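Chain by chain, the residues run as shown.
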Amino acid sequence: MAPGPAVFSGSRAAFPSASSSPNPAMPDSATVRSVQHDDLPAWLPLWEGYNAFYGRQGATALPAAVTQTTWGRFFDPAEPVFGLVAQAGSSLVGLAHYLFHRSTTRVEPTCYLQDLFTAPAVRGQGIGKQLVLEVYARARAAGVRRIYWQTQASNAPGRRLYDRVAAHTGFIVYTHDL
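In this report, we go over the structure that sits alongside the text. (Residues numbered from 1 in each chain as written. Predicted model: local features only at pLDDT ≥ 70, side-chain atom pairs only at ≥ 80, totals over all residues. Heavy atoms only, no water.)

**Considering the nonpolar core**
- Core analysis: the largest hydrophobic core is formed by 40 residues, its most contacted members being Trp 43, Tyr 98, Phe 100 and Leu 131.
- Ranked by the residues each element gives to this core, the list is headed by strand E3 (residues 91–101), at seven residues. (Core = buried A, V, L, I, M, F, W, Y, C linked by side-chain atoms within 4.5 Å. Buried < 20%, exposed > 50% of the residue type's maximum accessible area, 1.4 Å probe, protein only. Helix = DSSP H or I, 4+ residues; strand = E, 2+ residues; numbered from the N terminus.)

**Topic: the packing of aromatic side chains**
- Counted under the stated rule, the structure contains 16 aromatic pairs.
- With centroids separated by 5.4 Å and ring planes inclined at 15°, the aromatic side chains of Trp 43 and Trp 47 adopt a geometry described as stacked. Of the two residues, Trp 43 and Trp 47 both sit in helix H1 (residues 40–53), four residues apart, roughly one turn of that helix. Assigned by exposure class, Trp 43 and Trp 47 land together as buried.
- Centroid distance Tyr 98 to Phe 100: 5.7 Å. Interplanar angle 70°. Geometry classified as edge-to-face. Across the pair, Phe 100 and Tyr 98 agree in class, each one buried.
- One aromatic cluster in this structure is built from Trp 43, Trp 47, Tyr 50, Phe 53, Tyr 54, Trp 71, Phe 74, Phe 75 and Phe 117. (Phe/Tyr/Trp six-rings, centres within 6.5 Å; stacked < 30°, edge-to-face > 60°.)

**Considerations on the side chain of Arg 33**
- Here Arg 33 is to be found in strand E1 (residues 31–34).
- Of the residues examined, Arg 33 reaches a relative accessible area of 11% and is grouped as buried.
- In this structure the side chain of Arg 33 is engaged in a polar contact, spanning 2.7 Å, whose partner is the side chain of Asp 39.
- Looking at Arg 33, its side chain comes within polar contact range of the side chain of Gln 87, at 2.9 Å. (Polar contact = N/O pair within 3.5 Å; in protein donor to acceptor, adjacent residues only side chain to side chain.)

**Overview of the pattern of salt bridges**
- Under the definition given, this model contains five salt bridges.
- A salt bridge links Glu 79 to Arg 73; the shortest N-O distance between them is 3.7 Å.
- With a relative accessible area of 23%, Glu 79 lands in the partly exposed category.
- Arg 73 gets classed as partly exposed once you look at its relative accessible area, which sits at 37%.
- One salt bridge in this structure joins Glu 134 and Arg 138, with 2.8 Å as the shortest N-O distance. One end of the pair is Glu 134 and the other is Arg 138, both in helix H3 (residues 127–141) and four residues apart, which spans about a single turn. Of the two residues, Glu 134 and Arg 138, both sit in the buried class.
- Connected via shared salt-bridge partners are Arg 106, Glu 108 and Arg 145. (Salt bridge = Lys/Arg side-chain N within 4 Å of Asp/Glu carboxyl O.)

Written out as structure tokens, the structure is:
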């Protein structure tokens, strides 16, 4: 039986949160949790670092309105967009942004892991993996059975992690801006 509209209402209430405690299988290097309003000053350098990694800096930087809108979506109960941060001590050292959406190949929602970034100083310490595993946990709690993401072919460090936590299916991404 196909679910009715209430199953995927676009409302944050339709998607329960998983625990924000660290994954016990990982070292105690960071705690992964939902982003909070007062995280903005510490989140922003991570967001800018993520965008710089993909060439969105200087003249090609995202407009401020995109950053403001993205930040606001994390706290809008009508948005199926979520933000996680990894915190080590008093510092934020990583971020993950994901969203739930419908799919034509599944009845239940699908999860798109849109952004994943760790501060250069903590790379290789398992924080990226912790973030991915927390997205998995939250998606599972929301009844999602597939998580997917994309990266550049040249992102060798990221791909080494992704090859350990997911399967590369061979798809090639095309885009066209209107």
